[in-house]
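Read off the chains here:
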Amino acid sequence: MKVMLAASMLLLGRFVTFSDAAIHSPQQLAFVSSPLVSVRKQKVSHPSLGATVPAQKDEAVSNSGGVDEDITSRITAATGDAKAWGEQLGMGDAEVAFYALFDGIRTGAALGLKGKPFYLKQDEILQAMGTAADESSPFDGFFSFDDLAKAVEEDFLDADRGTTNNREGWKVMAVSTPRGSSFEEARMTLDEINTALEKGTVIFNCIGAHIPKLAGATLACTDASSLPCAVNMYVTAPNTRTSAPPHTDRQDVIVVQTQGRKHWRVYTPPEPSLKPWADMYARGKFDDNLPLHLLETPEGGSCELLVDTTLHPGDVLFIPAGFPHTTDTVHDDEDTEKVDTSLHLTFNFDTHVWDLDYLSARRFALRRAGVKDTALGQEREEDNRYVGQANVLPPVVRNDLFEALPLGLLDDSEQAESMVDTVASE
């Protein structure tokens, strides 16, 4: 996949071909890639179809939590293209529903630091997709613990278990240790998963590449977003007080609850200048601590609680990249013995993972021009561009530089070609 994307990234060559006459100093060159998001009002062609769909809009969603009429209307508008996509590829109703969901979010939600988290309840999604009232949600039960047990029995899967201390950075450790060199001795067992669930959340990264039942939904995310995407799966036992400590992610994530329930809290991003050498897209991970009790204090970044909700099967939550969130499965209103194990799928819009943001375009421009980055540093390939001087820039400049390039840029279409030219010239 990386090779495929590397070839596609050749399109970005035009981002770094600037007129020398227009640049008079390294400082000017350092900021020539500042984004102009008006290109998002263009139309882009979908990679799998000949259809034309609106590109992602400028504004963030209008509210945090609850039904958002603009998002649901975009999902409604996407159902036609979703059905055509499904018919073309022989997909089922569930995969078609996933496509409509992802397309609606792609075209209706702002990503990253300019976005806002929101959630959609099962009945709101069904109504947006025009599903009859007596029909069940395509997401409720789409993938269950029984499906996981079958997959573990039939295939060779890997998983990690996350730590549960909400005062320390989130760390993971392997669920299974090979007992020998044969297939049976080396593969993970369901007993090992159940044992790990007693200690924390079990995490299956890129699981859509390993379980056939999840392949179609993963492809729906990739096609609807015009971006190579991955899906992770998180399994948590009931009554887990901290299933994921507060942390941020590099991806914009779409959480689809398929079994059980999970309580989510999502906050505004902490002020990066308070800890400039911390990666704002990896806060609360590994050795970086983002304790829950400090999140809303000045010391922790004065984060504001935006979403506090419990997802049920069929519900969806969108969290932009860089927004801290924490989860648990403690539910006081039910007997935990009767509550199902929580299972949700997290689909990722991986723009920053693939260097598809203006900060990366700026880095490519400087490298191609042979100009030393005296403004921000972090010039080497292995340097993390999201730490250091970039975090002490004025917020409006920093947020523009950290913004993702418009989705659709990698499409093989005339509209995408025009988008590249427009963004480069602006």
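Look above for the structure.
Residues numbered from 1 in each chain as written. Predicted model: local features only at pLDDT ≥ 70, side-chain atom pairs only at ≥ 80, totals over all residues. Heavy atoms only, no water.

### Details of helix α9 (residues 212-225)
For the α-helix, the turn length of 3.6 residues means that residues three or four positions removed from each other point alike.
And then number 1: Between its first and last C-alpha atoms α9 spans 21 Å; for 14 residues at 1.5 Å apiece the expected length is 20 Å, and the two agree.
And then number 2: Positive phi shows up at S226, right after α9, with a value of about 55°. (Helix = DSSP H or I, 4+ residues; strand = E, 2+ residues; numbered from the N terminus. Expected span 1.5 Å × (residues − 1).)

### Points about the packing of helix α4 (residues 93-108) against α9
And then number 1: Where α4 meets α9, the closest approach of the two axes is 8 Å, and the angle between their N-to-C directions is 30°. Between α4 and α9, the angle is such that the two are roughly parallel. Along this stretch, α4 crosses α9, giving a crossing that reads as right-handed. In this structure, α4 uses E95, F98, Y99, F102, D103 and R106 to contact α9, whose residues at the interface are K213, G216, A217, A220, C221, D223, A224 and S225.
And then number 2: Of the residues in the contact of α4 with α9, the class split is seven nonpolar, two polar and five charged. (Axes fitted to C-alpha atoms, helices over the stretch in contact; angles between N-to-C directions. Parallel < 35°, antiparallel > 145°, perpendicular 65-115°, else oblique. Left-handed = near helix turned anticlockwise from the far one by under 90°. Contact = heavy atoms within 4.5 Å. Nonpolar A, V, L, I, M, F, W, Y, C, P; charged D, E, K, R; others polar.)

### Some details on the side chain of R283
And then number 1: The topology assignment puts R283 in the loop between β10 (262-267) and β11 (305-311).
And then number 2: Here the side chain of R283 touches D288 through a polar contact of 2.6 Å, side chain to side chain.
And then number 3: Setting aside residues no more than four positions away along its own chain, R283 makes contact with P246, H247, T248, P270, K275, A278, D288, N289 and L290. (Polar contact = N/O pair within 3.5 Å; in protein donor to acceptor, adjacent residues only side chain to side chain.)

### Thoughts on the sheet that holds strand β8 (residues 244-247)
And then number 1: On the basis of which strands lie adjacent, the open sheet formed by four strands has the order β8-β13-β10-β11 and antiparallel pairing. Strand pairing shows two members of the sheet lacking a second neighbour, β8 and β11, which therefore form its edges. Sheet twist, expressed as the average angle between the axes of neighbouring strands with direction ignored, equals 15°.
And then number 2: Summarising the sheet, β10 and β11 pair through six bridges and their orientation is antiparallel. Looking at the pairing, V266 lines up with V307 of β11. (Pairing = 2+ DSSP bridges.)

### Brief notes about the sheet that holds strand β12 (residues 316-319)
And then number 1: Taken together, eight strands build an open sheet; the order of strands is β3-β12-β9-β14-β7-β6-β4-β5 and the sheet is antiparallel. Both outer strands of the open sheet, β3 (118-120) and β5 (172-174), are each paired with one neighbouring strand and no more. Neighbour to neighbour, the strand axes of the sheet diverge by 25° on average, direction disregarded.
And then number 2: Taken together, the three bridges between strand β4 (residues 160-162) and β5 define a ladder with antiparallel strand orientation.

### Overview of the nonpolar core
And then number 1: The biggest cluster of nonpolar side chains holds 68 residues, and the ones touching the most others in it are L101, F204, I254 and F347.
And then number 2: Residues in contact with F347, not counting those within four places in the same chain, are F98, F102, A217, T218, C221, A230, V231, D252, V253, I254 and V256.
And then number 3: In terms of nonpolar packing, the next biggest core, distinct from the first, is built from eleven residues, L359, L376, L393 and L401 among them. (Core = buried A, V, L, I, M, F, W, Y, C linked by side-chain atoms within 4.5 Å. Buried < 20%, exposed > 50% of the residue type's maximum accessible area, 1.4 Å probe, protein only.)

### Considering the pattern of salt bridges
And then number 1: Scanning all chains against the criterion turns up 21 salt bridges.
And then number 2: Between R250 and D279 there is a salt bridge, with its nearest N and O atoms 2.4 Å apart. Taken together, the positions of R250 in the loop between β8 and β9 (252-259) and D279 in the loop between β10 and β11 put the pair 29 residues apart, joining distant regions of the chain.
And then number 3: Residue R250 is classed as partly exposed on the basis of its relative accessible area, which comes to 22%.
And then number 4: The salt bridge partner of R362 is D373, with a shortest N-O separation of 2.7 Å. In this pair, R362 is assigned in helix α10 (residues 358-369) and D373 in the loop between α10 and α11 (395-401), connecting sequence segments eleven residues apart. No difference in accessibility class separates R362 from D373, as the two residues are buried.
And then number 5: Sharing partners across several salt bridges, the network here consists of K114, D400 and E403. (Salt bridge = Lys/Arg side-chain N within 4 Å of Asp/Glu carboxyl O.)

### Focus: the packing of aromatic side chains
Here a ring pair, both rings aromatic, is described through the centre-centre distance and the interplanar angle of the planes.
And then number 1: Following the criterion strictly, the structure yields eleven aromatic pairs and no others.
And then number 2: Geometrically, the ring pair formed by F156 and F183 is tilted, given 5.7 Å between the ring centres and 55° between the ring planes. Of this pair, F156 sits in the loop between α6 (145-154) and β4 while F183 sits in helix α7 (residues 183-186), and the two are 27 residues apart along the sequence.
And then number 3: Each member of the aromatic cluster is reached from another via a ring pair, and the members are F98, F102, F139, F142 and F347.
And then number 4: Directly above the aromatic system of F142 lies the positively charged group of K213, at a separation of 5.9 Å from the ring centroid. (Phe/Tyr/Trp six-rings, centres within 6.5 Å; stacked < 30°, edge-to-face > 60°. Lys NZ or Arg CZ within 6 Å of the ring centre and 35° of its normal.)

### Some thoughts on the packing of α6 against helix α8 (residues 190-197)
And then number 1: Where α6 contacts α8, the axes come no closer than 9 Å and their chain directions differ by 135°. For the element pair α6 / α8, the angle class is oblique. Of the residues in α8, those in contact with F145, A149 and V152 of α6 are L190, I193, N194 and L197.
And then number 2: Taken together, the residues of the contact of α6 with α8 break down into six nonpolar, one polar and no charged.

### Focus: unusual backbone geometry
And then number 1: For S226, which is not a glycine, the phi torsion comes out positive at approximately 55°.
And then number 2: Located in the positive-phi region is Q378, a residue other than glycine, with phi close to 55°.
And then number 3: Inspection of the secondary structure puts Q378 in the loop between α10 and α11.

### Topic: the side chain of N391
And then number 1: Structurally, N391 is set in the loop between α10 and α11.
And then number 2: N391 gets classed as buried once you look at its relative accessible area, which sits at 0%.
And then number 3: From its side chain, N391 meets the backbone oxygen of Y386 in a polar contact 3.0 Å long.
And then number 4: Not counting the four nearest positions on each side in its chain, N391 is found in contact with E271, P272, S273, P276, A278, M280, Y386, R398 and F402.

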